[in-house]
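Structural overview for review
Spelled out from the first residue to the last, the chains are:
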Amino acid sequence: MTKQRVELNVNGEIHEIQVEPRKLLAYALRDECGLTGTHVGCDSSSCGCCVVVLDGETPVKSCTMFAVQAEGHDITTVEGLAQGGQLHPLQQGFWDQHGLQCGYCTPGMLMTSYAMLKEYPEPTEEDVRKFLSGNLCRCTGYNNIVKAVLQAAKALGAEKSEPETTAADD
Amino acid sequence: MSITPDPQKHALGVSMKRKEDPRFLQGKGRYVDDINLPGQLYMAIVHSPYPHAKINSIDKEPALAVPGVKAVITGEDLVAAGLGWLPTFHGFDKQMVLAVGKALFQYQEVAAVFATSREAAMDGAELVEIDYEPLDPVVSPHEAAKDEVVIRSDREKSTNHIYHWDVGHKDETQRALEAAEKVVKQRIVFQRCHPAPLEPCGCVAEFDTMGRLHFYVTSQAPHVYRTALALVTGIPEDKIHVVSPDIGGGFGNKVPVYPGYVCAVVGSLLLKKPVKWIETRTENLTTTGFARDYHMDVEIGAKADGTVTALRVKTVADHGAFDAAADPTKYPAGMFGIVTGSYQFPVAYAELDAYFTNKAPGGVAYRCSFRVTEASYAIERAMDILADELDMDPVELRKKNFVRKDQFPYQSALGFTYDSGDYHSTLDKALERIGYDDLLREQAEKRARGELMGIGFSTFTEVVGAGPSKHFDILGIKMFDSAEIRIHPTGSGVVRAGTKSQGQGHETTWAQIVAEELGLDPQNIMVEEGDTDTAPYGLGTYASRSTPVAGAAISLAARRIREKARKIAAHLLEASPEDVEWTDYKFQIKGVPTRSVTMKDVAFAAYTNPGDNEPGLEASYYYDPPNMTFPHGTYVAVVDVDRHTGETKVRRFLAVDDCGTVINPMVVEGQIHGGLTEGYAIAFMQEITYDESGNNLNPNFIDYLVPTSLEAPKWETDNTVTPSPHHPIGAKGVGESPNVGSPAAFVNAVMDALSPLGVRHVDMPLTREKVWRAIQEAEARRAISAD
Ligand code: FES
Ligand code: FES
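As the structure is a prediction and not an experimental result, all values here were calculated from the model. (Residues numbered from 1 in each chain as written. Chains lettered and ligands numbered in written order. Predicted model: local features only at pLDDT ≥ 70, side-chain atom pairs only at ≥ 80, totals over all residues. Heavy atoms only, no water.)

1. Quick look at the pattern of salt bridges
Opposite charge on two side chains allows them to pair when their charged atoms are near. Scanning all chains against the criterion turns up 65 salt bridges over all chains. Among the salt bridges present, the one from arginine 138 of chain A reaches glutamate 678 of chain B, with a minimum N-O distance of 4.0 Å. Residue arginine 138 of chain A is located in the loop between helix H4 (125–131) and helix H5 (143–161), and its partner glutamate 678 of chain B is located in helix H17 (residues 665–684); the two belong to separate chains. Look at arginine 138 of chain A and you get buried, because its relative accessible area is 4%. Between arginine 187 of chain B and aspartate 297 of chain B there is a salt bridge, with its nearest N and O atoms 2.7 Å apart. Taken together, the residues span a long stretch of sequence, with arginine 187 of chain B in strand S10 (residues 182–193) and aspartate 297 of chain B in strand S15 (residues 290–302) at a distance of 110 residues. By sharing partners, the salt bridges in this structure join Lys23, Arg30, Asp31 and Glu32 of chain A together with Asp33, Asp34, Arg118, Glu119 and Lys276 of chain B into a single network. (Salt bridge = Lys/Arg side-chain N within 4 Å of Asp/Glu carboxyl O. Helix = DSSP H or I, 4+ residues; strand = E, 2+ residues; numbered from the N terminus. Buried < 20%, exposed > 50% of the residue type's maximum accessible area, 1.4 Å probe, protein only.)

In structure tokens, the structure reads:
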């Protein structure tokens, strides 16, 4: 099959890649952009290991989308979460609460949670369980993942409610 | 929840945050599919659509015509190269790498296609033309036993029977059962299920210019792989470098060597290019090691007061088309002898017959130490059935028959020496925490209203930490484990072990053990595993053996370092080594706390000022355990069953575990949460089923169910601590207890809920439909008897 040129905007960086039109976004990210944090765990859109966020708010299973369809969207992957050497509150939450074991499901869990918190900044435990129900984890039993997301929601809420520091404060 | 340990104080028993997590959290883990080598080819496998079929011909040409496809290999090619068959781990059988002559199960590997991209390899695999002639399949082990169709023509004996195994006293047990005042008998099936780690299996194989094989693979036992590869391929072992990188869960599925691995190595040799093979989820569920599939007839003899007098278990095991069970050589039925559980059976007998069927091969332990889960489930279910028939509280029955604390070490009727335990205390703690009396009251009220509420117990004993090498080996290799520690001049260090974490957190817990033994900062003890070039030879991580075996090796290697360090400390303190003692995480002159040096001081001196001592500070230890360890626990499930829909709600689940000394409570709790969720899955959702024609009905995550965050119950955990008397730090291992112990608690709870209807036993998984049918049938029976 002939390849075509695709421009992917991932974590604020443009990747110019040549892929067959049937190349799945998950594999384009992994094999062409070198971003191997996005994982593949099934062939039936069931596991959620491959979730990335489109345009800052929509979680998608990147195994259900062709790379060519992702052109023109801002894609956020797990590699784009930490900023300036600082873990994102979600990453911190998962670390503090032992929300991961083998780590294979973790990028997908983080990205689904990231999108959820954009839409629902103050989720209840039930909300979190509902939102994460498309992401499988074989290791943790979810209890600690739920705690991790709730911790992150709290931390993000606190960040927002802090008064903005101004130069005069220095 | 997690904290940072103070290096000058205990590092053991501390919920230290995991050192491996920052890399996983940032997508920087290095799993096998993240490894890409220059010029790499991709491999795809062609699978048999038939469970049993003669292969008349294979035409590679259409596949070879696909752009990018470089080669296709078949079973005939492998046989010609002397690589047609793989030895299975416990040595009773061998497995075809690619089908030769006949395909023996649906999805069996028939050909391998190598191409320049994943997609081209898959295109090629679709086009390999194979002419099959379907044969009658043998799907049930009970049918297999009749030998009407014998499926393996390559074996000398013309039978589907693989082996007979037994343990205990047959005649005495028979006599005791005949004399018993009460005998209960039940067929209990532990269904075929699959460990299904989230990362599928896979590998990247490369021969370098020196002809050395570098093999990156999802293996729970990289050293055993190296030896197995040397044995299968004839490549000298020094020319094989196996690396298990980060592994996305294993649960026993990543113990065996699979045909795809051999094909990738062959392809890489043939094409002189690195070859990557990553299986699909379907391949994972349909071809790699399944678990269980034990059909057990359990009989307990007892006195009228509930004192048990005899146990007999007769098992039929379905091993699929090859005997690829990953059991130690001398234990074809693994540790099934633990089937007497936590109870004082004066006499017992267990026997098992294993059969070939036209189903995927396996018999791996799914988060379980070689058939302990099957055994534990059988006895815990049967004890409840006995309690029910004697009209006794299942808790009372258990208490009456428990091995008592003062009886340890306890010699079981089937030959194990239980090292330690305190069953009564663990059970009492659970009863108090769950509020048993209140639950019983609530249940009585609900029953009066016709509602179905159940309380289920499992008071299991495990046997883990294989093993004493006089009893345990895999492919002849003794089941020891190993550790090597180097302390650097500035007081940090590295520990290498023969184990391989798949999420268990060894990078943290092994550092904690070293830190505890040496008074160093666990943050600065690096842990390395999984690379056979650097790690000492070990048997790997499965069967909950890492902490009991490698954990002990690490502790003892560290103590060797401490012994040497004492001499250097004596030199620094200008004293004789006999006058120097290790207290409070430092060396001091006996009775003179003011004259002391730390391990950090000693480490520096080991390289700068060792005195008359040999410079350097490192040690290794190969640990051969004197006995296994016997973790135990009490699990309690509280369920409500909807009479009209058959739906079960797990309202509460409490796990009180005793795994001896705890290294990192947070990690232990995490292991228990994960194992309980797998136990829940097995009890309620998971089964690999085949239809009558031998078609696998659960080849993906749509049909093979993994609990999501919505189904997974909230777990309550607690523990008691009965240290192992023979382990250097008293640890016993815990990863598998929750999977071993929980299925019986769930099922006992549901059966307790259904007991007012007269339902005695339903086999797992207890899906809504099955429970609903059981209720319907029970009600129909009652209606008939009321007429
Ligand atoms: S890989 Fe499983 S949902 Fe995408
Ligand atoms: S941490 Fe292993 S699958 Fe979730």
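2. Some remarks on the pairing of S15 of chain B
Residue and element names in this part refer to chain B. For S15, a buried count of 13 out of 13 residues is recorded, marking the element as mostly surrounded by other parts of the structure. Across eleven bridges, S10 lies against S15 in antiparallel orientation. Bridge pairing links arginine 187 to aspartate 297 in S15. Bridge count for S15 against strand S18 (residues 362–364) is two bridges, and the pairing is parallel. In the strand pairing of S18, phenylalanine 290 is matched with glycine 362. As paired elements, S15 and strand S16 (residues 308–318) share nine bridges and run antiparallel to each other. The partner of histidine 295 across the bridge, within S16, is valine 316. (Pairing = 2+ DSSP bridges.)

3. A closer look at a negative patch on the surface
Among the surface-exposed residues, Asp55, Glu57, Asp74 and Glu119 of chain A lie close enough to one another that they form a single negatively charged patch. Of note, glutamate 119 of chain A is situated in helix H3 (residues 106–119). (Patch = residues over 30% accessible without salt bridge, like charges linked within 9 Å, V, L, I, M, F, W, Y side chains within 5 Å. Areas by Shrake-Rupley, 256 points an atom, 1.4 Å probe, with all protein chains shown as cover. Lys, Arg positive; Asp, Glu negative; His and termini not counted. Charge placed at Lys NZ, Arg CZ, Asp CG, Glu CD.)

4. What about the domain arrangement of chain B?
All names here are of chain B. For chain B, the assigned domains read domain 1 (20–28 + 480–623), domain 2 (36–135 + 200–247 + 254–287) and domain 3 (290–466 + 627–786). Between the C-alpha centres of domain 2 and domain 3 there is a distance of 37 Å. Counting residues at the interface gives 24 residues for domain 2 and 27 residues for domain 3. Regarding the contact of domain 2 and domain 3, the summed buried area is about 2,000 Å², with carbon and sulfur atoms giving 62% of it. Where domain 2 touches domain 3, the interface holds zero salt bridges. Linking domain 2 to domain 3 there are seven residue pairs in polar contact (both at pLDDT 80 or more). Residue assignment for the side of domain 2 that touches domain 3 shows that the elements contributing at least two residues are strand S5 (94–96) and helix H9 (281–287). Taken together, the residues that form the side of domain 2 that touches domain 3 break down as twelve nonpolar, nine polar and three charged. (Domains from an automatic or database assignment. Contact = heavy atoms within 4.5 Å. Buried area = accessible area lost by both parts, 1.4 Å probe. Polar contact = N/O pair within 3.5 Å; in protein donor to acceptor, adjacent residues only side chain to side chain. Nonpolar A, V, L, I, M, F, W, Y, C, P; charged D, E, K, R; others polar.)

5. Notes on the pairing of strand S21 (residues 452–461) of chain B
Residues in a regular strand point their side chains to alternate faces of the sheet. Residue and element names in this part refer to chain B. Most of S21 is tucked away: ten of the ten residues are buried. By the alternation rule, side chains of S21 split into Leu452, Gly454, Gly456, Ser458 and Phe460 and Met453, Ile455, Phe457, Thr459 and Thr461, which are all buried. Pairing of S21 with strand S31 (residues 632–641) involves ten bridges; the strand directions are antiparallel. Bridging from a neighbouring strand, serine 458 pairs with tyrosine 635 of S31.

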